[in-house]
Amino acid sequence: RRNCMKSHKLIRSFLAVVLCVALTAGLMTFASSAAYNKDFVSETHDVFKSTSSTLAPGVEQYINYAYAKDGKQMVYYVATADITRDDVFVQSSYLKQHENGIMGMEKLTNQIAYANQKYSNPNDEHFISEHYNVVAGVNASFYNMTTGQPSGITYIDGVSFGTASYDNFFAILKDGSAVIDYRANEKNYTGDRAIMQAAGGSQWLVRDGKDVTASASGSYNIQRHSRTCVGITAEGKVVFMVLDGRQEPFSCGGSMHEIAQIMLEAGCVAAINLDGGGSTTYVAKQEGEDSVSIVNRPSDGSERSISAG
């Protein structure tokens, strides 16, 4: 069944949104209490430390330290974008925004720098605003690590360049609404509800407000790894979550069940898993900073060149 949360129209109709949290919200940031749901009782972990901030009006971040039920530490990063605002939106990113069919891989920080330049340029056909300013981003699609070809449904600014793999996807439509759906339903998105930005996911985590990972099998799903995922709240906000892993005792990572519980804690009624492992990256423009920087601890020890963000 489809999970779709509508939001208000964005600044321009083609601005529908996806995975590199890009915002034209005012350039200043300030401290705030971007609290997670402290009343949620997790089946998998207990939070013992939480810090929060507002990256821009409508974009909140929190970083949680938790103990898994076996006592191991988990560290995860959550960014929530209120796309019901006219000045907040999410977009896919890729090497040179997939201009002229270029295929390849690039670091997320470089993808963001290019997006900032492109969408703030009045002479570019995709110009958004002179105040365009990415304040947070995550890695997104699984991909061919030789060519950089994204796996699964992938769109940037209405252009599709993914592959017919993976059964689920996250997208933002032309009318500005966020959706998580099955690949088989891609053909149903037309007109004002055409897909503008999208990335494929491997596993449903939350559907209709419930953890649906009980049937997840195989070592990739059951064992703990670094993870990246995306969800949608009942209010139509978009939630990105990155969990560090493969680096105990700092952070053990998580299974599908564990990250589903984190997404429920974040208020998601729908969520899917994105690419993880060494690709897992969370960057943000923190208070007082001029540009984004890496916030999490990529398990490779440094930022990896990735496919779509």
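Refer to the structure presented above.
What this report covers is the structure whose coordinates are included nearby. (Residues numbered from 1 in each chain as written. Predicted model: local features only at pLDDT ≥ 70, side-chain atom pairs only at ≥ 80, totals over all residues. Heavy atoms only, no water.)

What follows deals with helix α3 (residues 256-265). Quick reminder: α-helices carry 3.6 residues per turn. Residues three or four places apart thus point the same way. Where burial is concerned, most of α3 is hidden: nine out of the 10 residues are buried. Within α3, burial applies to M256, E258, I259, A260, Q261, I262, M263, L264 and E265. (Buried < 20%, exposed > 50% of the residue type's maximum accessible area, 1.4 Å probe, protein only. Helix = DSSP H or I, 4+ residues; strand = E, 2+ residues; numbered from the N terminus.)

What follows is about unusual backbone geometry. Cis geometry marks the peptide bond from E248 to P249, where omega comes out at 10°. Phi at Q97 is positive, roughly 50°, even though this residue is not glycine. Locating Q97 in the fold gives a position in the loop between β5 (73-81) and β6 (106-107). Notably, H98 is not glycine yet its phi reads approximately 60°, a positive angle. The residue H98 is located in the loop between β5 and β6 in this model.

Tallied over the entire structure, the rule returns 12 aromatic pairs. When the centroid spacing of 5.1 Å and the interplanar angle of 40° are considered together, the rings of Y119 and Y132 count as tilted. Separated by 13 residues along the polypeptide, Y119 in helix α1 (residues 108-119) and Y132 in the loop between α1 and β7 (133-134) bring together distant segments of the chain. There is no split in this pair, since Y119 and Y132 are both buried. An aromatic cluster is defined as three or more aromatic residues linked by ring pairs; in this entry it consists of F48, Y65, Y67 and F250. K118 extends its terminal NZ or CZ atom over the ring of Y119, reaching a point 5.9 Å from the ring centre. Here the basic side chain of R207 rests over the ring of W204, its NZ or CZ set 5.1 Å away from the ring centre. (Phe/Tyr/Trp six-rings, centres within 6.5 Å; stacked < 30°, edge-to-face > 60°. Lys NZ or Arg CZ within 6 Å of the ring centre and 35° of its normal.)

Backbone-to-backbone hydrogen bonds join strands into a sheet, with any given pair of strands oriented parallel or antiparallel. Strand order in this open sheet of three strands is β8-β19-β20, and the pairing throughout is antiparallel. For this open sheet the edge positions go to β8 (136-138) and β20 (293-294), each flanked by a neighbour on one side alone. Sheet analysis places strand β19 (residues 282-284) next to β20, joined by two bridges and oriented antiparallel. By the bridge assignment for β20, A284 is matched with S293. (Pairing = 2+ DSSP bridges.)

No statement about biological role is implied by the geometric values presented.
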